[in-house]
Amino acid sequence: MARKNAATRRNILRSVGAGAAGVGLAGCLGGDDELDDLADEADGAEDAADSGGNQLIYSQQVDPIQLDPLVVGDIYSYQVINRVFDPLYEFGEGTDIVPKIAVDEPTIERDGQRYIIELRDDVRFHDGEPLTAEDVQHTYTAPIEEAELGDDALETIESIDVIDDHAVQIDLEFSFVPFQIEVLTNNIVSEAARTADREAYNTEPPIGSGPYELTEWRQGEVAELTRFEDYWDELPNVETVRMVPVEEDTTRATRLQTGESDAIDGIPPQIWDTVQEMENADLMERPGINYFFAAFNCNQGPTADPLVREAVDYAFSMDQAVSNFVEPAGTRNYAPLPLPVVEEWDMPIDEWREIPHDRDRDRAAELMDEAGVPDDYEFTILSPPDDIREQIAVSIGNGLQDIGYDAQVQRLEWGAFLDNIDTGDDDDYNIYLLGYLNPPDPDLYFTPLFHESNAGNAPNGVFYENDDVMEKITTARRSADFEERRELYIDVSTQILEDRVHLPAYSPKTTLGVGHHVHDFVAHPRQRLNPRMVGPTNNVSIDN
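Structure report, in brief.

Basis of the calculations
- Residues numbered from 1 in each chain as written.
- Predicted model: local features only at pLDDT ≥ 70, side-chain atom pairs only at ≥ 80, totals over all residues.
- Heavy atoms only, no water.
- Helix = DSSP H or I, 4+ residues; strand = E, 2+ residues; numbered from the N terminus.
- Buried < 20%, exposed > 50% of the residue type's maximum accessible area, 1.4 Å probe, protein only.
- Contact = heavy atoms within 4.5 Å.
- Areas by Shrake-Rupley, 256 points an atom, 1.4 Å probe, with all protein chains shown as cover.
- Axes fitted to C-alpha atoms, helices over the stretch in contact; angles between N-to-C directions.
- Left-handed = near helix turned anticlockwise from the far one by under 90°.
- Pairing = 2+ DSSP bridges.
- Expected span 1.5 Å × (residues − 1).
- Polar contact = N/O pair within 3.5 Å; in protein donor to acceptor, adjacent residues only side chain to side chain.
- Phe/Tyr/Trp six-rings, centres within 6.5 Å; stacked < 30°, edge-to-face > 60°.
- Lys NZ or Arg CZ within 6 Å of the ring centre and 35° of its normal.
- Patch = residues over 30% accessible without salt bridge, like charges linked within 9 Å, V, L, I, M, F, W, Y side chains within 5 Å.
- Salt bridge = Lys/Arg side-chain N within 4 Å of Asp/Glu carboxyl O.
- Lys, Arg positive; Asp, Glu negative; His and termini not counted.
- Charge placed at Lys NZ, Arg CZ, Asp CG, Glu CD.
- Core = buried A, V, L, I, M, F, W, Y, C linked by side-chain atoms within 4.5 Å.

### Remarks on the overall build of the chain
Within the chain one finds 19 helices and 20 strands. Within the chain, buried positions represent 61% of all 544 residues. Put simply, of all contacts in the chain between residues at least 6 apart along the chain, 72% involve residues at least 24 apart. Carbon and sulfur atoms form 40% of the exposed surface of the chain, whose accessible area is close to 20600 Å².

### Quick look at the packing of helix α17 (residues 443-450) against helix α18 (residues 467-478)
At a closest axis distance of 10 Å, the pairing of α17 and α18 adopts a crossing angle of 145°. For the pair α17 and α18, the sense of crossing is left-handed. On α18, the residues that touch D443, F446, T447 and F450 of α17 are M470, I473 and R477.

### Structural notes on the pairing of strand β13 (residues 291-296)
As a general feature of sheets, a regular strand has side chains that alternate between the two faces. Within β13, six of the six residues are buried, leaving the element largely enclosed by the surrounding structure. Side chains of β13 alternate between two faces, with Y291, F293 and A295 and F292, A294 and F296 buried alike. Two elements, β13 and strand β17 (residues 431-436), share six bridges in a ladder whose sense is antiparallel. Bridge pairing in β17 links F293 to L434. By the bridge criterion, four bridges tie β13 to strand β18 (residues 502-515) in an arrangement that is antiparallel. Within β18, the residue paired with F292 across the bridge is Y506.

### Digging into helix α19 (residues 482-499)
Look at α19: 26 Å from first C-alpha to last across 18 residues, which is about the 26 Å you get at 1.5 Å a residue. Among all positions of α19, only R485, R486, L488, Y489, I490, V492, S493, I496, L497 and D499 are buried. Tucked inside the fold, the buried residues of α19 contact α10 (306-315), α13 (349-352), α17, α18 and β18. The N-terminus of α19 is capped by D481, whose side-chain oxygen sits 3.1 Å from the backbone nitrogen of E483. R500, located one to two residues past α19, shows a positive phi value of around 55°.

### Some details on the sheet that holds strand β4 (residues 107-109)
Taking strand neighbours across the sheet as the criterion, the four strands line up as β4-β5-β7-β6 in an open arrangement whose pairing is antiparallel. Of all the strands in the sheet, the pair left with one neighbour each is β4 and β6 (157-164). Across this sheet, the average inter-strand angle for adjacent strands is 15°, counted without regard to direction.

### Looking at the packing of aromatic side chains
Two aromatic rings, taken as a pair, are described by how far apart their centres are and by the angle between their planes. Inspection of the entire model under this criterion finds 16 aromatic pairs. The interplanar angle of 85° and the centroid separation of 5.8 Å between the aromatic rings of Y436 and Y445 together place this pair among those described as edge-to-face. Y436 sits in the buried class, given a relative accessible area of 10%. Using a relative accessible area of 0% as the deciding quantity, one classes Y445 as buried. Joined through ring pairs, the aromatic side chains of W345, F446, F450, F482 and Y489 make up one cluster. Positioned above the aromatic ring of Y78 is the side chain of R528, whose terminal nitrogen or guanidinium carbon lies 3.8 Å from the ring centre.

### So, the side chain of K100
The topology assignment puts K100 in the loop between β3 (97-99) and β4. Among the residues examined, K100 registers a relative accessible area of 10% and is labelled buried. Polar contacts involving the side chain of K100 include one to the side chain of Y231, which spans 3.1 Å. Polar contacts involving the side chain of K100 include one to the side chain of D233, which spans 2.7 Å. Aside from chain neighbours lying at most four places away, what touches K100 is D86, P87, L88, Y89, E90, R120, Y231, W232 and D233.

### Overview of a negative patch on the surface
On the surface, D104, E105, E118, D121, E134, D164 and D165 cluster together into a patch of negative charge. In this fold, E118 is placed in strand β5 (residues 114-118).

### Describing the nonpolar core
Of all hydrophobic cores here, the largest spans 115 residues; its most connected members are L88 and Y140. With residues up to four places along the chain from it excluded, the contact list for L88 reads P99, K100, I101, A102, I117, L119, V136, Y140, L184, N186 and I188. By size, the runner-up hydrophobic cluster in this structure holds 31 residues, among which are L67, Y78, A142 and A193.

### Some details on the pattern of salt bridges
Enumeration over the complete set of coordinates arrives at 31 salt bridges. Measuring nitrogen to oxygen at the nearest pair gives 2.8 Å for the salt bridge that ties D68 to R194. Within this pair, whereas D68 is found in the loop between β1 (55-60) and α3 (75-81), its partner R194 is found in helix α6 (residues 191-196), the two being separated by 126 residues in sequence. With respect to burial, D68 and R194 carry one shared label: buried. Ionic pairing is found between R120 and D122, a salt bridge with its closest N-O pair at 2.7 Å. Relative accessible area serves as the criterion here: at 33%, D122 is assigned to the partly exposed category. Linked by salt bridges that have partners in common, D68, E146, R194 and R198 make up one network.

### Let's talk about the environment of S59
Positionally, S59 belongs in strand β1. Given a relative accessible area of 0%, S59 falls into the buried group. Placed 206 residues apart in sequence, S59 and D265 show a C-alpha to C-alpha distance of 6.1 Å. When neighbours within four sequence positions are excluded, S59 is seen to be in contact with V244, V246, R252, R255, S261, A263, I264 and D265. Side chain to side chain, S59 and R255 meet in a polar contact 3.3 Å long.

### Remarks on the pairing of β1
In terms of burial, β1 is a largely internal element, six of the six residues being buried. With burial as the criterion, each face of β1 is covered, one bearing Q55, I57 and S59 and the other bearing L56, Y58 and Q60. Relative to strand β11 (residues 263-265), β1 is paired through two bridges, and the arrangement is parallel. Paired with S59 across the two strands is I264, which belongs to β11.

Quick look at the structure:
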């Protein structure tokens, strides 16, 4: 992806969280007293599940911030707009893809460089206008033309031709295997409604073709979705969905127990047992398609030296950090990819498990000396505004302190965090903690996270240089042969792990708490698709 698009990706990524001040090497997660208070409150609460009418109240972790599918990049905005819009193809219960607006699977020609897609002729937007091939064309061309590119895969498109009102032809610059799972699952917008007022389409309830209309949005308070009675596909059972942002974990748990919320998003370790033990709700979990890691500045400063990166690996225990701060809400990951991708591609994670070192302070100090790191050097470790990643950053800092080096952990709001890791300047950072969520194909992780063409373009703050690795990433990106791609990605992964460009940490589970009075609720492993009120395998209903 060209450097000119860096600002757009920063905007997308920084929309994941809210501001926070910098901190030192102190601090811990919520204490036992807080959890005891929550448990006492939960045990004494009455089941107030009936919220009145055929309505579901869903507590999100973070407030949505945008509404235009061509601009949105954060999970919590997607959780709202995925009820309002439909894609050509949608995810099934897992990572499988099934037709939605498309009539059938695409016709693929020219060795994977041409997609011909027939559209249903009965799809209408909420304003009554038909969805046509021109809307599809606009959806895929506008982000590039408007410099709002949030999807690298769109850059593989060479041209989009409208065959007729209900058929499009998409030609790619090269055969790009992840195209269908990455691009053809994007929500389709109304060209007429969006171009009439682009700003309003992003900040006021937009017109889509999905099962719900967004009828009210008070940012920071509620996004109310009302069933679209003229929906072209299966009508959802639930008439109204109220999405309420509740950032405090214990408050979300209390709302679930008391029935103030019918379902809640995100069950972190602090409230795991509390939710699991509720008599009026279930804790749902699925392996998450995501990858969280500690990354090194390979551009400047001591961590540009592989010996120093290996010393950091010796200085602390990632196994212990994940055990302390992540489990059971996430799983230790030893690969530079999401665990479901590793499993689906049959990658040698057992071999990669042997690459990280056990903690050895003496060996860490020896490597620092061998690398010539000054005794008075102070390492800077950046964390986004997230307790778990901050705690892992603190663990790394404590390990460095134990071998005689000063270290400061800075917990930054998203804008400052992403601006810093774009610089490659060791005055700004040596190590940073981050996570990445994309559809389940290795290219959609290796290209943005490691390829030199994306250096200085968050989330790639590593500035890694290795000609062999870069060539293999590019070759695999352009190959249509699964086995060739698999072997290339295994080689790339092994080299990245041995060079310790990243220290893989964990893959969070997709977790939800759902009241017993809610039926046919299916948790999808892609968090942004939840709550799926109606889909290929379910249609949620509620006991009044």
